[in-house]
Amino acid sequence: QVQLVESGGGLVQAGGSLRLSCAASGDTTITDSMGWFRQAPGKEREFVAVSWRNTGRTYYADSVKVRFAISRDKAKNTVYLQMDSLERDDTGVYYCAAGNAILSALQSTRGYSDWGQGTQVAVSS
């Protein structure tokens, strides 16, 4: 079991930046992938980005590929999501998740076994 706690959300103006953090604890070595999802009110939870622990590779949703960056601090068991050039459509609750699955599954919630509680991001325009 992996426990995940997100932080760093807040209210920002369009065009601004935020860096979200996800602190992991427990048996963190059992999950190779750490992903970020977001969910706007009334919408489905959507994939944002994923990072693989063993290879260091990353993969992004097309909507954030140019603007967001996922990274890890392995020593601190923490994954980050740097969000730049924020847009109103980026508003939502952002969740981090841990899992082991192929890429197709990791682009869906089904690829993850553990989830954080979420952190709110609101972008004003």
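Provided above is the structure to which this section pertains.
None of the values given here were measured: they were computed from a predicted structure. (Residues numbered from 1 in each chain as written. Predicted model: local features only at pLDDT ≥ 70, side-chain atom pairs only at ≥ 80, totals over all residues. Heavy atoms only, no water.)

Asker: Go over the overall build of the chain with me, naming the residues and quoting the values.
Answerer: Broken down by element type, the chain carries 1 helix and 11 strands. For 125 residues, the compact-globule estimate of 2.2 N^0.38 gives 14 Å, and the C-alpha radius of gyration of the chain, at 13 Å, lies within 12% of that figure. Reported as C-alpha extents along the three principal axes, the dimensions of the chain are approximately 40 × 30 × 25 Å. Looking at the 125 residues of the chain, the share that counts as buried comes to 45%. When contacts within the chain are restricted to residue pairs at least 6 apart in sequence, long-range pairs at least 24 apart make up 57% of them. Across the chain, the 13 positively charged side chains and the 12 negatively charged ones have centroids separated by 3 Å. (Helix = DSSP H or I, 4+ residues; strand = E, 2+ residues; numbered from the N terminus. Rg over C-alpha atoms; globule rule 2.2 N^0.38 Å. Buried < 20%, exposed > 50% of the residue type's maximum accessible area, 1.4 Å probe, protein only. Contact = heavy atoms within 4.5 Å. Lys, Arg positive; Asp, Glu negative; His and termini not counted. Charge placed at Lys NZ, Arg CZ, Asp CG, Glu CD.)

Asker: Which residues make up the nonpolar core, and what values do they have?
Answerer: Leu4, Trp36, Val48, Phe68, Leu81, Met83 and Tyr94 are the most contacted members of the largest nonpolar core, which totals 32 residues. Breaking this core down by element, the ones donating at least two residues are strand S1 (2–7), strand S3 (18–26), strand S4 (33–39), strand S5 (46–52), strand S7 (68–73), strand S8 (78–83), strand S9 (92–99) and strand S11 (119–124). Ranked by residue count, the leading element in this core is S5, at 5 residues. (Core = buried A, V, L, I, M, F, W, Y, C linked by side-chain atoms within 4.5 Å.)

Asker: For the state of the cysteines, give the residues involved together with the corresponding values.
Answerer: A complete count under the given rule lists 1 disulfide for this structure. In this model, Cys22 is linked to Cys96 through a disulfide, with the two sulfur atoms separated by 1.9 Å. Between Cys22 and Cys96, the S-S dihedral sits near 60°, and the bridge is therefore right-handed. With a gap of 74 residues between them, Cys22 in strand S3 and Cys96 in strand S9 connect regions that are remote in the sequence. (Disulfide = S-S within 2.5 Å.)

Asker: Pulling in residues and values, what's your account of the side chain of Ser33?
Answerer: Mapped onto the elements of the fold, Ser33 is located in strand S4. Overall, Ser33 belongs to the buried group, its relative accessible area being 1%. Of the polar contacts made by the side chain of Ser33, one reaches the side chain of Trp52; its length is 3.3 Å. Filtering out sequence-adjacent residues up to four positions away, Ser33 remains in contact with Val50, Ser51, Trp52, Arg72, Ala97, Ala98, Gly99, Asn100 and Leu106. (Polar contact = N/O pair within 3.5 Å; in protein donor to acceptor, adjacent residues only side chain to side chain.)

Asker: Account for the side chain of Glu6, naming residues and giving values.
Answerer: Tracing the backbone through its elements, the reader meets Glu6 in strand S1. An unpaired buried charge is present at Glu6: no salt bridge exists, and Arg45, the closest side chain of opposite charge, is 7.3 Å distant. Within the structure, Glu6 has its side chain in polar contact with the backbone nitrogen of Gln117 (distance 2.8 Å). Within polar-contact distance, the side chain of Glu6 engages the backbone nitrogen of Gly118 at 2.7 Å. Those residues in contact with Glu6 that sit more than four places away from it in its chain are Ser21, Cys22, Trp36, Tyr94, Tyr95, Cys96, Gly116, Gln117, Gly118 and Thr119. (Salt bridge = Lys/Arg side-chain N within 4 Å of Asp/Glu carboxyl O.)

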